[in-house]
Amino acid sequence: MDKTMRDVIRSVRVLSAEQVEKAKSGHPGTPLGAAPVAATLFGKFMKISPNDPGFFDRDRFVLSSGHASALLYSILHVCGFDVKKEDLENFRAYGSRTPGHPEVGVTPGVDCSTGPLGQGVANAVGLALAERMLAAKFNKPGCNLVDHYTYALCGDGCMMEGIENEAASLAGLWKLGKLIVVYDSNRITIEGNTDVSFVEDVAARHKALGWHVVRAGNAENVDSLADAIAAAKAEDGRPSLVIVSSTIGFGAPNAGTSSVHGAPLGEAGMCALKEALDWKCEPFETPDTVKAFAEDMKKKGDKYVRAWKEELAKAEKQYPALVEEFRGWLDGSAAKAAAESEELFEVCTESAATRNICGELLVKTDKLVPNFVGGSADLAPSNCTAIKGREYYSPTCSGGKAIHFGVREHAMAAVCNGLALHGGLRPFCATFFVFSDYMKYAVRMSAIMKLPVTYILSHDSIGVGEDGPTHQPVEQLASLRSIPGVYVYRPCDGTETAAAFARALTANSPTAIVTSRQKLAAHNLSTKDGALKGGYVLYSGEKQTPDVILMSSGSEVGLCLEAAKRLGEQGVSARVVSMPCMDLFEEQSEEYKESVLPKKVRARVAVEAASGMCWGRYVGLDGAYVCMDTFGESAPAGKLFEKFGFTAENVTKAALSVIGK
């Protein structure tokens, strides 16, 4: 290798170790071993711009081994991105731009938040799928607006995770030729050599999944590594896995052992590392060759940006309407216009399951928002997410907006995160609500990254019926509602379902729309304004200040209305509050919340065919719950609602008990 590349690799190694040492925590092992991989990818192959890190047609990079964040910060620094010496010195410190795991929106040049192993590979699949879909739509003869690669770096831990296999299976099926995953195999886990837990043939597995596999040899041979990546780029019909062997903790006294994975080297270890690498610079400094390399990277990046802007200008002359649409997809204006459209709220007012209403709204959204893409985990006919006439994506139909995810809930959600991260698309995915547990960590990452992914989750309660407790969600509402930044809607009718869609189309965060299997009674009392506030008075009762407040969501709202009528016949004024989205209700003014739930009315009953855990702040010490505190059983839905107390009679009884009658 030439002197510049040698100095870049040495700089990445030492800067990474110095970050961990100063922070007194972190993971030096992978950065020391994989530094040649990062230097080769960024320095020789990636279309990136340090001066404009977010320019649209850049190559994307995902560090699936997110614990090796020091590696990413170091390579960004030496490439000239706005990651300063001071940022490296503040690694893992409170409020720094170099957190313990990479976070999109925090560090310039970071394309994806990572940490949970394996998810980064699935995110990369989503990024590559987005590139393919957008290219099919917007690239025309003599004009390429979308033309870039997605790279991911993963390790042995990622390869052990089930989500990696799920995602790799999809990537092979979809023939994502612009996806290149570099597998850094250092054969070490926290518990020792990988032989104790992981002996499969990763190359053979990926070949069987439809991947092009290239063996790059030892990471220190950057020429061989570069040849392998070039071979991967030359293969445009399949995703590529580049397998490289590295020594974890290269240059450190404890290199090649599990002890170097996740602990600082210590003063003696740092001295030994610098001596082994013949390193003479002061802490967090780099040689002049590396500073010159950064300037060269900036100039090269500026050329990439200029070339793309010229391509955009050329397209604007040849295809003005197409470019206008392209801009609308990128800035979200089409989705915003749809959310404000009255057509979205022209929904079913008859008795219907909200899963069916959701299906109708998907058809409307598909018409109003051309970049709304997604699909279900092999359940589209059941959760009503199959849009008639919509083409499904396939290798021969890259413009298809519907997606067959197969039975891969975890990968489905993480792929949708990648679709949203890319820009230009608004993704949704769907499954039965009980299976949201399979994809919860990906939903959590949606929230952390503030991604507008829409989760459609049907079969919302014991109303699933005969399928029994394995398929009846009880604790899932409380679980999803507990994730900061996930807006969970459980609508009771068409208006509230439309409000959920309107919110999802304008949000910069994930939205979960939880729908029923069974028909819900039509009451036609809901309001658009109230539904968009997350909680509102659906029925006021006979008195301005009610005797009791009945609170619920979804299918139990109708139950509360029936109970309120019975209470009225007994001289008790009951207010019914529909709470389709607690998260939005909490964002309203104190005055509004007081108007809906006046503090002086302490007699309150929460009614929901799910765990009552999230209702505590509204029920108070004097209230009551008609909720689930056990799993369900296998029986018709009506029988189960009766057995578990979801009847007007039981709700009436609970209301009378809290007012002392």
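Note: the structure precedes this text.
Residues numbered from 1 in each chain as written. Predicted model: local features only at pLDDT ≥ 70, side-chain atom pairs only at ≥ 80, totals over all residues. Heavy atoms only, no water.

1. A word on the overall build of the chain
(1) Moving on: When its secondary structure is counted, the chain shows 26 helices and 18 strands.
(2) Moving on: In summary, the chain has a C-alpha radius of gyration of 28 Å against a globular reference of 26 Å for 661 residues, a match within 12%.
(3) Moving on: Taking the principal axes of the C-alpha coordinates as reference, the chain spans close to 90 × 60 × 45 Å.
(4) Moving on: A total of 661 residues make up the chain; the buried ones form 62% of that total.
(5) Moving on: Both charge centroids of the chain, one from 70 positive and one from 79 negative side chains, sit 2 Å from each other. (Helix = DSSP H or I, 4+ residues; strand = E, 2+ residues; numbered from the N terminus. Rg over C-alpha atoms; globule rule 2.2 N^0.38 Å. Buried < 20%, exposed > 50% of the residue type's maximum accessible area, 1.4 Å probe, protein only. Lys, Arg positive; Asp, Glu negative; His and termini not counted. Charge placed at Lys NZ, Arg CZ, Asp CG, Glu CD.)

2. Examining the packing of helix H14 (residues 354–368) against helix H19 (residues 494–506)
(1) Moving on: Relative orientation of the contacting elements H14 and H19 amounts to 45 degrees, with a least axis distance of 10 Å. Here H19 runs oblique to H14, going by the angle between their axes. As for the relative orientation of H14 and H19, their crossing is right-handed in sense. Mapping the contact onto sequence places Thr-354, Ile-357, Cys-358, Leu-361, Leu-362 and Thr-365 in H14 and Gly-494, Thr-497, Ala-498, Phe-501 and Leu-505 in H19.
(2) Moving on: Looking at the contact of H14 with H19 residue by residue, the class counts come to seven nonpolar, four polar and no charged. (Axes fitted to C-alpha atoms, helices over the stretch in contact; angles between N-to-C directions. Parallel < 35°, antiparallel > 145°, perpendicular 65-115°, else oblique. Left-handed = near helix turned anticlockwise from the far one by under 90°. Contact = heavy atoms within 4.5 Å. Nonpolar A, V, L, I, M, F, W, Y, C, P; charged D, E, K, R; others polar.)

3. Some points on helix H26 (residues 648–658)
(1) Moving on: Within H26, the full set of buried residues consists of Ala-648, Val-651, Thr-652, Ala-654, Ala-655, Leu-656 and Val-658.
(2) Moving on: The inward-facing, buried residues of H26 abut strand S15 (548–552), helix H21 (556–569), strand S17 (604–607) and strand S18 (624–626).
(3) Moving on: Positive phi shows up at Gly-660, right after H26, with a value of about 80 degrees.

4. Section: the sheet that holds strand S7 (residues 240–245)
(1) Moving on: Ordered by their spatial adjacency, five strands build an open sheet running S1-S2-S3-S7-S6, and the pairing between neighbours is parallel. Looking along the sheet, the strands with just one partner apiece sit at the ends: strand S1 (60–63) and strand S6 (212–218). Pairwise comparison of adjacent strand axes, ignoring direction, gives a mean angle of 20 degrees for this sheet.
(2) Moving on: As paired elements, S1 and strand S2 (residues 150–155) share four bridges and run parallel to each other. Counted as the bridge partner of Phe-61 is Tyr-151 from S2.
(3) Moving on: The strands touched by helix H5 (residues 119–138) are S1, S2 and strand S3 (179–185); relative to S2, the strand with the most contacts, the crossing angle is about 170 degrees. (Pairing = 2+ DSSP bridges.)

5. A word on the packing of helix H1 (residues 3–23) against helix H10 (residues 266–276)
Axis angle and axis distance: for two packed helices, these are the angle between their axes and the distance between the axes, and together they describe the pair.
(1) Moving on: Running from N to C, H1 and H10 point in directions that differ by 170 degrees, and their axes come no closer than 11 Å. Put simply, H1 runs roughly antiparallel to H10. Residues Val-14, Ala-17, Glu-18 and Glu-21 of H1 form the contact with H10, whose own contacting residues are Gly-266, Glu-267, Met-270, Leu-273 and Lys-274.

6. Digging into the pattern of salt bridges
Pairing of side chains with opposite charge becomes possible as their charged atoms draw close.
(1) Moving on: In this structure the tally under the stated criterion is 40 salt bridges.
(2) Moving on: Here Glu-342 makes a salt bridge to Lys-528, at a shortest N to O gap of 3.1 Å. Within this pair, whereas Glu-342 is found in the loop between helix H13 (333–339) and H14, its partner Lys-528 is found in helix H20 (residues 528–532), the two being separated by 186 residues in sequence.
(3) Moving on: Sharing partners across several salt bridges, the network here consists of Asp-460, Arg-481, Arg-490, Glu-556 and Glu-608. (Salt bridge = Lys/Arg side-chain N within 4 Å of Asp/Glu carboxyl O.)

7. Overview of the packing of aromatic side chains
(1) Moving on: Using the criterion set out here, one finds 16 aromatic pairs in the structure.
(2) Moving on: Taken together, the ring pairs in this structure connect Phe-56, Phe-138, Trp-308, Phe-326 and Trp-329 into an aromatic cluster.
(3) Moving on: Residue placement shows Lys-528 over the ring face of Phe-345; its charged tip is 4.6 Å from the ring centre.
(4) Moving on: Across the ring face of Tyr-592, the terminal group of Lys-533 is positioned such that the distance to the ring centre comes to 5.5 Å. (Phe/Tyr/Trp six-rings, centres within 6.5 Å; stacked < 30°, edge-to-face > 60°. Lys NZ or Arg CZ within 6 Å of the ring centre and 35° of its normal.)

8. What to know about the pairing of strand S13 (residues 511–514)
(1) Moving on: Of the two faces of S13, the one carrying Thr-511 and Ile-513 and the one carrying Ala-512 and Val-514 are both buried.
(2) Moving on: Of the pairings in the sheet, the one linking strand S11 (residues 454–458) to S13 comprises four bridges and is parallel in character. Directly across from Ile-456, in S13, lies its bridge partner Ile-513.
(3) Moving on: Handedness of the crossover is the feature at issue here: the chain leaves strand S12 (residues 487–489), passes through H19, returns alongside S13, and the resulting connection is right-handed. (Right-handed = clockwise from strand over helix to strand, strands pointing away.)

9. Considerations on the environment of Tyr-592
(1) Moving on: Relative to the elements of secondary structure, Tyr-592 occurs in helix H23 (residues 590–596).
(2) Moving on: Aside from chain neighbours lying at most four places away, what touches Tyr-592 is Gly-530, Lys-533, Gly-535, Tyr-536 and Phe-585.

10. Notes on the environment of Ala-294
(1) Moving on: Mapped onto the elements of the fold, Ala-294 is located in helix H11 (residues 288–318).
(2) Moving on: Sequence-distant contacts of Ala-294, defined by excluding residues within four places in its chain, comprise Val-78, Cys-79 and Gly-80.

11. Focus on the sheet that holds strand S14 (residues 536–539)
(1) Moving on: An order of S14-S16-S15-S17-S18 is seen for the five strands of this open sheet, with the pairing classed as mixed. Of all the strands in the sheet, the pair left with one neighbour each is S14 and S18. Taking the axes of each pair of neighbouring strands and ignoring which way they run, one obtains an average angle of 30 degrees across the sheet.
(2) Moving on: Sheet analysis places S17 next to S18, joined by three bridges and oriented parallel. Bridge pairing links Val-605 to Ala-624 in S18.
(3) Moving on: The sheet strands contacting H26 are S15, S17 and S18, and the helix crosses S17 at an angle near 155 degrees.

12. A short note on the pairing of S6
(1) Moving on: Note that S6 and S7 share six bridges and pair parallel. In the strand pairing of S7, Arg-215 is matched with Ile-243.
(2) Moving on: Following the backbone out of S6, through helix H9 (residues 222–234) and into the adjacent parallel S7, one traces a crossover that is right-handed.

13. Quick notes on helix H2 (residues 29–45)
(1) Moving on: For H2, spanning 17 residues, the distance from its first C-alpha to its last is 24 Å, which sits close to the expected 24 Å at 1.5 Å a residue.
(2) Moving on: At Ala-35, H2 shows its maximal bend, which comes to roughly 55 degrees, and the proline Pro-36 appears one to four places after that position.
(3) Moving on: Burial of H2 is extensive: 16 of the 17 residues sit out of reach of the surface. (Expected span 1.5 Å × (residues − 1). Bend = angle between axes of the 7 residues up to and from the residue.)

14. Structural notes on the side chain of Thr-497
(1) Moving on: Note that Thr-497 resides in helix H19.
(2) Moving on: Accessibility expressed as a relative area gives 0% for Thr-497, which makes it buried.
(3) Moving on: What Thr-497 contacts, discounting residues up to four positions off in sequence, is Thr-354, Ile-357, Cys-358, Leu-361 and Pro-491.

15. Focus on unusual backbone geometry
(1) Moving on: Non-glycine residue Lys-24 carries a positive phi angle of around 65 degrees.
(2) Moving on: Relative to the helices and strands, Lys-24 resides in the loop between H1 and H2.
(3) Moving on: If you check the backbone angles, Asn-524 has positive phi at about 55 degrees while not being a glycine.
(4) Moving on: Counting through the fold element by element, Asn-524 comes out in the loop between S13 and H20.
(5) Moving on: Since its relative accessible area comes to 53%, Asn-524 is described here as exposed.

Distances and angles like these do not, on their own, reveal function.
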